[in-house]
Amino acid sequence: MLADDALLDLVQRQTVRYFWEGGHPVSGLARDRLKTTGNKPNDLVAIGGSGFGIMAIIVAVERGWVDRVEALGRLHRMLDLLEGSPRYHGMFPHFIDGRTGATIPFRRKDDGADVVETTFLFQGLICAREYLDRSAGEEQRFRGRVNALLAQAEWDWFQRKGKLYWHWSPKHGWAMNNPIAGWNECLLAFVLAAGSQHHAIDPGCYHNGFAAGPAFHNRREHHGIELPLGTDFGGPLFFAHYSFCGLDPRELRDRHADYWEQNVRHARINHRHCVLNPHGHQGYGADCWGLTASHGPTGYVAHAPDRDIGVITPSAALSSFPYMPDQAMSALRGFLAKPGKRIWGRFGFVDAFCENRNWYARTFLAINQGPIVAMIENHRTGLLWKLFMSAPEVRLGLARLGFTRPSPDHDVHSA
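So, here is what we can say about the structure in this document. Computed from a predicted structure; not experimentally measured.

What counts as what
Residues numbered from 1 in each chain as written. Predicted model: local features only at pLDDT ≥ 70, side-chain atom pairs only at ≥ 80, totals over all residues. Heavy atoms only, no water. Helix = DSSP H or I, 4+ residues; strand = E, 2+ residues; numbered from the N terminus. Polar contact = N/O pair within 3.5 Å; in protein donor to acceptor, adjacent residues only side chain to side chain. Patch = residues over 30% accessible without salt bridge, like charges linked within 9 Å, V, L, I, M, F, W, Y side chains within 5 Å. Areas by Shrake-Rupley, 256 points an atom, 1.4 Å probe, with all protein chains shown as cover. Salt bridge = Lys/Arg side-chain N within 4 Å of Asp/Glu carboxyl O. Buried < 20%, exposed > 50% of the residue type's maximum accessible area, 1.4 Å probe, protein only. Disulfide = S-S within 2.5 Å. Pairing = 2+ DSSP bridges. Contact = heavy atoms within 4.5 Å. Axes fitted to C-alpha atoms, helices over the stretch in contact; angles between N-to-C directions.

### Things to note about the side chain of aspartate 248
1) Next: Position of aspartate 248 relative to the elements: it lies in the loop between strand 10 (225-229) and helix 8 (259-276).
2) Next: A polar contact of 2.5 Å, which involves the side chain of aspartate 248, links it to the side chain of arginine 250.

As structure tokens, this is what we get:
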């Protein structure tokens, strides 16, 4: 039996391959999804997934699995396409063509700016910029290119009526009418928007918009655990992962919540729900838990305790290592005990599975694979938290929004 550290090495290293070996052959950006076998040419690149992929590549460099110079070359290649891609007041769309950079509409009216997906791309680029800190020419040039992309993001243009809006379309304008409000995966967007040097939003947009939205404050008990923020039972677990691949929640507080407590309690509710298994789903238990957005036998669903159809997503438990390391390790060992060829492949664990239907995904998904690598690394060393929290725009954004933040030498296992 492999020791815990050896298992974490195995999972991280295999999952990084999704982004390193499975990246788009022209741009190197992250394809939205890949199949377990028989992939056809695929130019659909995910902007947010690419941000998580950049973080995964940084982890791979730090652990000696990818050469630093080769990684830098890949990142420059990514920027070559991103710099030439259509942007909308500095924001990228949800999907682009990895060969040409052209916008690929997510849905009919969602064919322009996606503030949240851009946020996750920037999260990865900021971590890479902080990591590649040598004075050598190519690393310095990379930092300059990242800074230029960040400076062009017009966060304040997306502030309307005291709120920050998620989408804008050159054809349909504000027709999607989707203000970012209520507890979800979007905290990071407000931090970067408030920390922008030239296009900062008003902090009131956070406190009176996002934090005043429906289902922001909760303070009710679910499975015997009080939940500070969010919908009942916490919603899909990616709320505790996407913004927190970079944002360090330890000792991160503002007038609304202690974000470490929020994320730990969210993970505990999700875990306890699967252990109690009120719907009697096959396979659920202490060694098989985790509900978040993923593919399923009926399509893509934001799985959660209040939307539980029997689909377990490995990313939910494995990205929760910082919050519940013992329970996450139980899940990891439990997943590896499942039928190997159905749950494990060349890019790590498949996206999801449903034992009720004997269904196992034949896909991997960028936005689920990336947080596995990032959050396991934050549990092990705090690397990405340290990089991201050292960035000047992050420090400024947190200060402007009234956050207190962790000390730089915080012990990664102190919780």
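### Here's the deal with a nonpolar patch on the surface
1) Next: Taken together, the side chains of Leu2, Leu10 and Leu336 present a nonpolar region at the surface, about 220 Å² in accessible area.
2) Next: Looking at the secondary structure, you find leucine 10 in helix 1 (residues 4-20).

### Considerations on the pattern of salt bridges
1) Next: If you walk through the whole model with that rule in mind, you get 20 salt bridges.
2) Next: Its salt-bridge partner being arginine 17, residue glutamate 21 comes within 3.1 Å of it at the nearest N-O pair.
3) Next: On the accessibility criterion, arginine 17 (28% relative accessible area) is partly exposed.
4) Next: Its salt-bridge partner being glutamate 355, residue lysine 338 comes within 2.5 Å of it at the nearest N-O pair. Of this pair, lysine 338 sits in the loop between helix 10 (325-336) and helix 11 (340-343) while glutamate 355 sits in the loop between strand 15 (353-354) and strand 16 (359-360); the two residues are 17 residues apart in sequence, bridging distant segments of the chain.
5) Next: Linked through salt bridges whose partners overlap, the residues forming this network are Asp5, Asp9, Arg63, Glu377 and Arg380.

### Considerations on the state of the cysteines
1) Next: On inspection of all chains with the given rule, the structure shows 0 disulfides.
2) Next: The thiol of cysteine 186 is not disulfide-bonded; the next cysteine sulfur, from cysteine 205, is found 12 Å away.

### What about the sheet that holds strand 4 (residues 103-104)?
1) Next: The antiparallel open sheet is built from 3 strands, whose spatial order is 2-3-4. The strands lining the two open edges of the sheet, one partner per strand, are strand 2 (44-46) and strand 4.
2) Next: Bridging between strand 3 (residues 95-97) and strand 4 involves 2 bridges; their strand directions are antiparallel. In the strand pairing of strand 4, phenylalanine 95 is matched with isoleucine 104.
3) Next: Packing of helix 2 (residues 47-62) onto the sheet brings it into contact with strand 2 and strand 3, and relative to strand 2 it is tilted by some 65°.

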